[in-house]
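If you want the building blocks of each chain, they are given just below.
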Amino acid sequence: MSSQRVDAKVVLLGKESVGKTSLVERYVHKRFQGGPYQNTIGAAFVAKPIQVGEKVLTLGIWDTAGAERYEAMSRIYYRGACAAIVCYDLTDSSSFTRLKFWVKELQNCEQQCKIYMCGTKSDLIEANRSIRQVDYHDTLDYAEEVKAELFETSSKTGRNVDELFQKVAEDFYNSTAFQVMTGTSILLQQERETAQRQRRSCCHH
Ligand SMILES: Nc1nc2c(ncn2[C@@H]2O[C@H](COP(=O)(O)OP(=O)(O)OP(=O)(O)O)[C@@H](O)[C@H]2O)c(=O)[nH]1
């Protein structure tokens, strides 16, 4: 693992096979491997720089395993996350039930973590609308209720994937957490400069 500094910790949560790994793969490597499904074991980490205005932030992205036997482990990964992308499969209604479980858990245990609901595999419902199992308006109502952002994405076509991560980064950039962090470093810088000035003026006497 690189020793790269991470500005914002982002965690992906959601039922197994909803497409969390594919979402990260599409976003980070711009590719989609539609081959046989391989479930994630434990969790995977990737650091990804992202431009927000004039600044480049580094997102530390944790892709967790969705299988319920790994549930306790996933809890470890959302600690201290500033954003959680909770995924559900638009063609599987049970995955939306699982999303609600994670949202409640985050609301109880990680209040400062902003929630992004991500409906995955939108290419499948574009090809055949009748296989949609999660109604858009229901998800919108729920997103409003829990103050979450809502995206429908496709890792196959890339639809909305960059937009989702861009929104995560911009929200973090505008958050008090980030302003406090950078504000502190500005204060430290000012203190250092004042100390230097004082040292210089001492030498002149
Ligand atoms: N058509 C389509 N298939 C997708 C998409 N995203 C993922 N898949 C497929 O769905 C299956 C599961 O995807 P993964 O990304 O491995 O799912 P996961 O959520 O990481 O699964 P776990 O690691 O078990 O939690 C794979 O066969 C993917 O190819 C998508 O946007 N469109």
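Now for a description of the structure that goes with this document. It should be emphasised that the depicted structure is a prediction, and the values quoted were computed from it without experimental measurement.

### Quick word on the pattern of salt bridges
Tallied over the entire structure, the rule returns 13 salt bridges. With a shortest N-O distance of 2.5 Å, arginine 132 and glutamate 152 are connected by a salt bridge. Residue arginine 132 is located in the loop between α4 (122-127) and α5 (136-145), and its partner glutamate 152 is located in strand β6 (residues 149-152); the two are separated by 20 residues in the primary sequence. Residue arginine 132 is classed as partly exposed on the basis of its relative accessible area of 25%. Residues joined by salt bridges that share partners form a network here, namely Glu68, Glu71, Arg75, Arg98 and Glu105.

### A closer look at α5
The complete set of buried residues in α5 reads Thr139, Tyr142 and Ala143. For α5, the angular spread of the buried residues around the axis is 105°, confining them to a single face. Exposed and facing more than 90 degrees away from the buried side of α5 are His137, Glu144 and Glu145. At the N-terminal boundary of α5, the capping side chain belongs to aspartate 135, with an oxygen 3.1 Å from the backbone nitrogen of histidine 137.

### A look at the nonpolar core
Of all hydrophobic cores here, the largest spans 27 residues; its most connected members are Leu23, Leu59, Ile61, Ile85, Leu164 and Phe165. Those elements that provide at least two residues to this core are β1 (8-14), α1 (20-29), β2 (43-52), β3 (55-64), β4 (83-89), β5 (114-120) and α6 (161-173). Ranked by residues supplied to this core, first place goes to α6 with six residues. Every residue in contact with isoleucine 61, bar those within four places of it in the chain, is listed here: Val10, Leu12, Val24, Tyr27, Ala44, Phe45, Val46, Lys48 and Phe165. The next biggest cluster of nonpolar side chains, apart from the first, holds 24 residues, and it includes Leu13, Phe96, Trp102 and Ile125.

### Examining the sheet that holds β4
One open sheet accounts for six strands, arranged β2-β3-β1-β4-β5-β6; its pairing is mixed. Two strands bound the open sheet, and with one partner strand each, they are β2 and β6. Averaged over neighbouring strand pairs, the angle between their axes works out to 25° when direction is ignored. Direction of pairing for β1 relative to β4: parallel, over a ladder of five bridges. In the strand pairing of β4, valine 11 is matched with alanine 84. In the packing of α1 onto the sheet, the strands contacted are β1, β2, β3, β4 and β5, and the crossing angle to β3 comes to about 155°. Where helix α3 (residues 93-109) meets the sheet, its contacts fall on β1, β4 and β5, and the angle it forms with β4 comes to roughly 165°.

### So, the packing of helix α2 (residues 71-78) against α3
Two numbers describe how α2 lies on α3: the axes approach to 12 Å, and their chain directions differ by 45°. If you check the angle between α2 and α3, you find them oblique. As for how α2 packs across α3, the hand of that crossing is right-handed. Residues Glu71, Ser74, Arg75 and Tyr78 of α2 form the contact with α3, whose own contacting residues are Arg98, Phe101, Trp102, Glu105, Leu106 and Cys109. Of the residues assigned to the contact of α2 with α3, the class counts are five nonpolar, one polar and four charged.

### Overview of the side chain of glutamate 110
Take glutamate 110: it is sitting in the loop between α3 and β5. Summary of buried charges: glutamate 110 has no salt-bridge partner, and the nearest side chain of opposite charge, arginine 79, is 4.0 Å away. Apart from residues no more than four positions distant in its own chain, glutamate 110 is found in contact with Tyr78, Arg79, Gly80, Ala81 and Glu105.

### Things to note about the packing of α1 against α6
Where α1 meets α6, the closest approach of the two axes is 9 Å, and the angle between their N-to-C directions is 85°. Accordingly, the angle class assigned to the pair α1 and α6 is roughly perpendicular. Facing Leu23, Arg26 and Tyr27 of α1, the residues of α6 in contact are Val161, Asp162, Leu164 and Phe165. Grouping the amino acids of the contact of α1 with α6 by side-chain chemistry returns five nonpolar, no polar and two charged.

### Focus on the site of the ligand
Looking at the ligand, there are 22 residues lining it, with Lys20, Ser22, Tyr37, Thr40 and Gly66 nearest. In the model, an oxygen atom of the ligand is placed 3.0 Å from a nitrogen or oxygen of the serine 17 main chain. A distance of 2.6 Å separates an oxygen atom of the ligand from a polar side-chain atom of threonine 40. Top element by residues in the shell around the ligand is α1. It accounts for three residues.

Calculation notes
All chains use their own residue numbering, which begins from 1 and follows the written sequence. Local features in this predicted model are restricted to residues whose pLDDT is 70 or higher, and side-chain atom pairs enter the listing and the counts only when it is 80 or higher, whereas totals over whole chains, interfaces and linings include all residues. Excluding hydrogens and water, the side-chain figures rest on all heavy atoms present in the structure. Salt bridges, as used here, are contacts in which a Lys or Arg side-chain nitrogen is within 4 Å of a carboxyl oxygen on Asp or Glu. Secondary structure elements follow DSSP: runs of H or I no shorter than four residues count as helices, runs of E no shorter than two count as strands, and numbering proceeds from the N terminus. Partly exposed describes any residue whose relative accessible area lies between the buried limit of under 20% and the exposed limit of over 50%, with all areas from a 1.4 Å probe on protein chains only and scaled to the type maximum. Comment: arc refers to directions from the helix axis out to C-beta atoms. Any pair of N or O atoms that falls within 3.5 Å is considered a polar contact. Within protein, one atom must be able to donate a hydrogen and the other to accept it, and sequence-neighbouring residues count only if both atoms are side-chain atoms. Throughout, nonpolar core names a set of buried Ala, Val, Leu, Ile, Met, Phe, Trp, Tyr and Cys residues whose side chains join them through atoms within 4.5 Å. Note on definitions: a residue-residue contact is assigned when non-hydrogen atoms from the two residues lie within 4.5 Å. In this scheme, strands are said to pair when DSSP sees at least two bridges between them. For helices, the fitted line uses only the C-alpha atoms of the stretch in contact; every axis is such a line through C-alpha atoms, and the angle between N-to-C directions lies from 0 to 180 degrees. Throughout this description, any angle smaller than 35 degrees is read as roughly parallel, any larger than 145 degrees as roughly antiparallel, any in the 65 to 115 degree range as roughly perpendicular, and the remainder as oblique. In a left-handed crossing the near helix is turned counterclockwise from the far helix by less than a right angle, and in a right-handed crossing that turn is clockwise. Any residue outside Ala, Val, Leu, Ile, Met, Phe, Trp, Tyr, Cys, Pro, Asp, Glu, Lys and Arg is labelled polar, Gly included; the first ten of those are nonpolar and the last four are charged. When charges are counted, Lys and Arg are positive and Asp and Glu negative, with His and the chain ends excluded. Any residue with a heavy atom positioned within 4 Å of a molecule or strand is treated as near that molecule or strand.

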